[in-house]
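Okay, here's what each chain looks like letter by letter:
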Amino acid sequence: SGWWNEAIVQQTATINYASAIKDIEAVRDPKMEKVYRQTAVAQDFAASLIELGMEDVAIEYLTTYANNTAEGWFDTYKELGEALTTKYMLGNVNMRVPARSDWWNDIILDNMGDKLRPEN
């Protein structure tokens, strides 16, 4: 399902949004611009077929175009989801743990009390 591909991209992007959105835009935006241009041409072509009395051909053409476009987005987002998952897995960037200050550990230890504190 295309929904899963979209969901994986979205959820993986939330792990490191500042970097991930750049990766998403680099893939999504050029493809989206191309599809907008192609769709206008496809609609004009289908309209000319209808004007020539070839409505069935126009419908088949637009159906094929829409299906191919959807499959293309499916494949693009599947690959993008895999790339983002690989790059940002578990909050890491390219398998490297980002630098964190001690405030994170302090919050965890304060909330968990003595359960996580090493014994002295």
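Here the structure is a predicted model, which is why all the values come from computation and not from measurement. (Residues numbered from 1 in each chain as written. Predicted model: local features only at pLDDT ≥ 70, side-chain atom pairs only at ≥ 80, totals over all residues. Heavy atoms only, no water.)

**Here we look at the pattern of salt bridges**
Then, in step 1: Counted under the stated rule, the structure contains three salt bridges.
Then, in step 2: A salt bridge links Asp23 to Lys87; its shortest N-O distance comes to 3.2 Å. Separated by 64 residues along the polypeptide, Asp23 in helix H2 (residues 17-51) and Lys87 in helix H3 (residues 55-88) bring together distant segments of the chain.
Then, in step 3: For Lys87, a relative accessible area of 24% gives the class partly exposed.
Then, in step 4: Where Lys78 meets Glu82, a salt bridge forms, and the shortest distance between an N and an O atom there is 3.1 Å. (Salt bridge = Lys/Arg side-chain N within 4 Å of Asp/Glu carboxyl O. Helix = DSSP H or I, 4+ residues; strand = E, 2+ residues; numbered from the N terminus. Buried < 20%, exposed > 50% of the residue type's maximum accessible area, 1.4 Å probe, protein only.)

**Some thoughts on the side chain of Thr69**
Then, in step 1: Here Thr69 is to be found in helix H3.
Then, in step 2: A residue is classified by how much of its surface remains accessible, and Thr69, at 19% relative accessible area, is buried.
Then, in step 3: A polar contact is formed between the side chain of Thr69 and the backbone oxygen of Tyr65, at a distance of 2.8 Å. (Polar contact = N/O pair within 3.5 Å; in protein donor to acceptor, adjacent residues only side chain to side chain.)

**Describing the side chain of Thr76**
Then, in step 1: Among the structural elements, Thr76 can be located in helix H3.
Then, in step 2: Within the local environment of Thr76, its side chain forms a polar contact with the side chain of Lys31, the two groups lying 3.2 Å apart.
Then, in step 3: When residues no more than four places from it in sequence are discounted, the contact partners of Thr76 are Val27 and Lys31. (Contact = heavy atoms within 4.5 Å.)

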